Amino acid sequence: MMGIRIVGLGKKLPEMCLTNDEIATMVDTSDEWIKTRTGIEKRRVSVTETTHQLATQAALEALKESGLEAEEIDLVIVATVSPDTNMPSTASLVARNIGAVKARCFDLSAACSGFIFASEVAISMMKQSHYKNVLVIGAEVLSTRLDWSDRGTCVIFGDGAGAVIYQQSTEINQIHCIEIGTDPEGAELILLPTQTEKNKFYEGEIKRPVISMNGRQVYAFSTTKVPESIKQVVDKSGLAVEEIDWFILHQANSRIMDSVARKLNVPKERFIKNIAEYGNTSAASIPMALYDARKQLKPGDKIILSGFGAGLTWGTMLLEW
Ligand code: COA
């Protein structure tokens, strides 16, 4: 049977760090409010780094760890809602930068579930089309899509990139189960319009496209759907929730992770958190958190990765370290 293993991980952050106190000089908020409501203490903000540059650096690190040559990469998928360009895809730019000259490339938009959706697509394509080495990246520069006068959103998001290389294996299978889903009824609860939604014939006001969000409804959705999705994947894998060693959730809000832990009846110490450092980096958050977690992962550990966000989308996968 063909299995899939992870052979490389990479992460890249922009240089600039913005603390809650610094944001509190810009909008009516406080370090205390942000920390207690979200768990966020600071975030990285890109001043010069672009989405494809962050993605490229994360990819290069993953490639180095894998020991592969760039020409051996068969497919590059970048999950992002903040590409530098709609054409070409971020994936094409990354492939060009790293020298992945044989790779098929495309971007995937599933917001904060993007990494799990991209992993599902990558693994299905690996199984059906026999692509051997696949690079999946989550990369975002959300700071350029924020209304820095909206305290409901500007305190939450951050920039960064995380990369994973999946490889076919006849001996090892690390990916046991993936489940993804969408509830289109909630499609407009988190919005980010495209850059050019009006043309020259439009006579109304043209607004800068920024993220807007119904925080309370998104909170309710996440704390309901994520435990359900995790239970479904764990059940399908023939395991019990207690047998899962680590939970790596999309880093949207520390309270969401604590609520999911309570609903699953799992100690919250098993939930990996780097949200204090980086905020919500959308599609980048899960691969970045996996990267940060790996020093504490042991071979054989069972890990749940679970993303959720705009769409509304969600996705969970079970992997064995
Ligand atoms: N600083 C201070 N006060 C703030 C604030 C901020 N940054 N943002 C909102 N507030 C205020 C609101 O204006 C409101 O004031 P009011 O009661 O006078 O109207 C009050 O705080 C409570 O607002 P509410 O939206 O109910 O807060 P909350 O406890 O739900 O926390 C979020 C807001 C956004 C942190 C929370 O809803 C959340 O995390 N939701 C999920 C969002 C998310 O994860 N999105 C990404 C999914 S991928």
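Residue numbers run consecutively from 1 along every chain, following the written order of its sequence. Reporting of local features is limited, given that this is a predicted model, to residues whose pLDDT is at least 70; pairs of side-chain atoms are given and counted only at 80 or more, and all residues count toward the totals for whole chains, interfaces and linings. Excluded from the side-chain calculations are hydrogens and water; all other atoms, namely the structure's heavy atoms, are used.

Q: Quick rundown of the side chain of serine 285? Include the residues and the values.
A: The residue serine 285 is located in helix H10 (residues 285-293) in this model. Whenever a nitrogen or oxygen atom comes within 3.5 Å of another N or O atom, the pair is scored as a polar contact, on the condition that within protein one atom can donate a hydrogen and the other can accept it, and that pairs from neighbouring residues in sequence are kept only if both atoms are in side chains. In terms of polar contacts, serine 285 uses its side chain to reach the backbone amide nitrogen of glutamine 251, at 3.0 Å. By definition in these notes, contact holds between two residues if any of their heavy atoms fall within 4.5 Å. Setting aside its immediate chain neighbours within four residues, serine 285 contacts His250 and Gln251. Strands here are runs of E lasting at least two residues and helices are runs of H or I lasting at least four, both read from the DSSP assignment and numbered beginning at the N terminus.

Q: An account of the site of the ligand is needed here, citing residue identities and associated values.
A: One heavy atom within 4 Å of a molecule or strand is enough for the residue carrying it to be called near that molecule or strand. If you check the shell around the ligand, you find 24 residues, and the closest are Thr29, Arg37, Arg151, Arg216 and Asn253. Separating a nitrogen atom of the ligand from a side-chain N or O atom of threonine 29 is a distance of 2.6 Å. Take arginine 37: an N or O atom from its side chain is 2.6 Å from an oxygen atom of the ligand. Here the accessible surface of atoms and residues is derived via Shrake-Rupley with a 1.4 Å probe, and residues count as covered only by protein chains that are part of the display. A total of 950 Å² of accessible area belongs to the ligand in isolation, and the protein chains cover 74% of it. For the shell around the ligand, the elements supplying multiple residues, two or more each, are helix H2 (31-38), helix H6 (151-154), helix H7 (215-236), helix H8 (254-264) and strand E12 (302-309). The residue makeup of the shell around the ligand, split by class, is 11 nonpolar, 8 polar and 5 charged. Under this grouping Gly is polar, as are all residues other than the nonpolar Ala, Val, Leu, Ile, Met, Phe, Trp, Tyr, Cys and Pro and the charged Asp, Glu, Lys and Arg.

Q: How would you summarise the packing of aromatic side chains if you had to cite specific residues and measurements?
A: Note on aromatic pairs: each is described by the distance of the centres and the angle between the planes. Between rings of Phe, Tyr and Trp, where Trp is taken as its six-membered ring, a pair exists when centres lie within 6.5 Å; planes separated by under 30 degrees are stacked, by over 60 edge-to-face, and by other angles tilted. Under the counting rule described, the total for this entry stands at 2 aromatic pairs. With a centroid separation of 4.7 Å and an interplanar angle of 5°, the aromatic rings of phenylalanine 247 and phenylalanine 271 are classed as stacked. Here the residue phenylalanine 247 occupies a position in strand E11 (residues 246-249), and phenylalanine 271 occupies one in the loop between H8 and helix H9 (275-278), the gap between them amounting to 24 residues. We call a residue buried when its accessible area falls under 20% of the maximum for its residue type, exposed when it is over 50%, and partly exposed in between, using a 1.4 Å probe and counting protein chains only. A residue is classified by how much of its surface remains accessible, and phenylalanine 247, at 0% relative accessible area, is buried. If you follow lysine 225 out to its NZ or CZ, it ends over the ring of tryptophan 314, 4.4 Å from the centre. Only when the NZ atom of a Lys or the CZ atom of an Arg is both within 6 Å of the ring centre and within 35 degrees of the ring normal do we say a charge sits over the ring. For the cation-ring pair, arginine 294 lies above tyrosine 291, with the distance from its terminal atom to the ring centre recorded as 4.6 Å.

Q: A description of the domain arrangement of the protein chain should follow, citing residues and the corresponding values.
A: These domain limits were set by an automatic method or by a database of domain assignments. Looking at the assigned domains, one finds that the protein chain contains domain 1 (3-172) and domain 2 (176-195 + 206-320). On the side of domain 2, 45 residues touch domain 1, which itself brings 51 residues to the contact. For the pair domain 1 and domain 2, the summed buried area comes to about 3,800 Å², and 65% of that belongs to carbon and sulfur atoms. The salt bridge definition used is simple: a Lys or Arg side-chain nitrogen within 4 Å of an Asp or Glu carboxyl oxygen. In this assembly, domain 1 and domain 2 are joined by 3 salt bridges. Glutamate 65 serves as the salt-bridge partner of arginine 294, at 2.5 Å between the closest nitrogen and oxygen. Counting across the interface, domain 1 meets domain 2 through 21 residue pairs in polar contact (both at pLDDT 80 or more). Take the side of domain 1 that touches domain 2: its biggest share by element is 7 residues, from helix H5 (residues 114-129). Put simply, buried area is the surface a 1.4 Å probe can reach on two separate parts but cannot reach once they are joined, added for both.

Q: Got a sec to walk through the sheet that holds E11? Specific residues and values, please.
A: One open sheet holds the 4 strands; their spatial order is E8-E13-E12-E11, and the pairing between them is mixed. Of all the strands in the sheet, just strand E8 (175-182) and E11 have a single pairing partner and so form its edges. The sheet shows a mean angle of 10° between the axes of neighbouring strands, direction not considered. Paired strands are those between which DSSP finds at least two bridges. Both E11 and E12 contribute to a ladder of 4 bridges, which runs parallel. Within the sheet, the bridge partner assigned to tryptophan 246 lies in E12 and is isoleucine 303. Between N-to-C directions, angles span 0 to 180 degrees; the directions come from axes that are lines fitted to C-alpha atoms, helices contributing only their stretch in contact.

Q: Could you give an account of the state of the cysteines, naming the residues involved and the relevant values?
A: The disulfide criterion used throughout: a pair of cysteine sulfur atoms within 2.5 Å. Counted according to the given criterion, the structure contains 0 disulfides. Not part of a disulfide, cysteine 154 finds its nearest cysteine sulfur in cysteine 17, a span of 15 Å. For cysteine 154, a relative accessible area of 0% translates into the label buried.

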